[in-house]
Amino acid sequence: MRNIACTLNVDGIPTKINLRKVNKERRFQAVIDRTITEYIISDVTNEVEYYEGPVLNDYLSEKITSLIKQYFPNVKAIVKTGEDNYDDYEDC
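Residues numbered from 1 in each chain as written. Predicted model: local features only at pLDDT ≥ 70, side-chain atom pairs only at ≥ 80, totals over all residues. Heavy atoms only, no water.

**Student:** Would you take a moment to explain the packing of aromatic side chains for this structure?
**Tutor:** The geometry of two aromatic rings is summed up by the distance between their centres and the angle between their planes. Enumeration according to the criterion identifies two aromatic pairs in this entry. The interplanar angle of 45° and the centroid separation of 5.2 Å between the aromatic rings of Phe 28 and Phe 72 together place this pair among those described as tilted. One end of the pair, Phe 28, is in strand β3 (residues 27–32); the other, Phe 72, is in the segment after α1 (58–71), with 44 residues separating them in the sequence. Just as Phe 28 is buried, Phe 72 falls in that class too. (Phe/Tyr/Trp six-rings, centres within 6.5 Å; stacked < 30°, edge-to-face > 60°. Helix = DSSP H or I, 4+ residues; strand = E, 2+ residues; numbered from the N terminus. Buried < 20%, exposed > 50% of the residue type's maximum accessible area, 1.4 Å probe, protein only.)

**Student:** Looking at this model, I keep getting lost on the sheet that holds β3. Mind explaining?
**Tutor:** Hydrogen bonds between backbone groups are what pair the strands of a sheet, and the pairing can be parallel or antiparallel. The strand order β1-β2-β3-β4-β5 describes an open sheet built from five strands, whose pairing is antiparallel. Edge positions in the sheet fall to β1 (3–10) and β5 (48–52), since each has one partner strand and no second. Here the strands of the sheet are splayed against their neighbours by 30° on average, with no regard to which way each runs. Sheet analysis places β1 next to strand β2 (residues 13–21), joined by eight bridges and oriented antiparallel. Within β2, the position partnered with Thr 7 by the bridge is Lys 16. (Pairing = 2+ DSSP bridges. Axes fitted to C-alpha atoms, helices over the stretch in contact; angles between N-to-C directions.)

This is a description of form; function is not addressed.
As structure tokens, this is what we get:
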């Protein structure tokens with residue numbers, strides 16, 4: 001698991017953020033004030049999305065997704081958009 005720690009100024013208040021990548025998964029944990037919010041890379045859009053935990057404000061969520069994109073560039077979704085839409089398969 002890789003960790004990144006930083007402090008962001010949110011509404012004039014320094015906020016410490018610990019960002020962790022979960023081993024062998026496309027999940028990231030953002031620890032803010034001892035609460036964990038998880039983000040995941042979507043299989044459909046290949047973008048970082050909110051997964052579970054307390055919902056963060058727009059500014060903080062945007063900063064966390066940009067940190068994930070910047071510091072973990074090699075993490076990609078398994079299924080890329082447009083590769084397979086499953087229309088060719090028959091229901092069994």
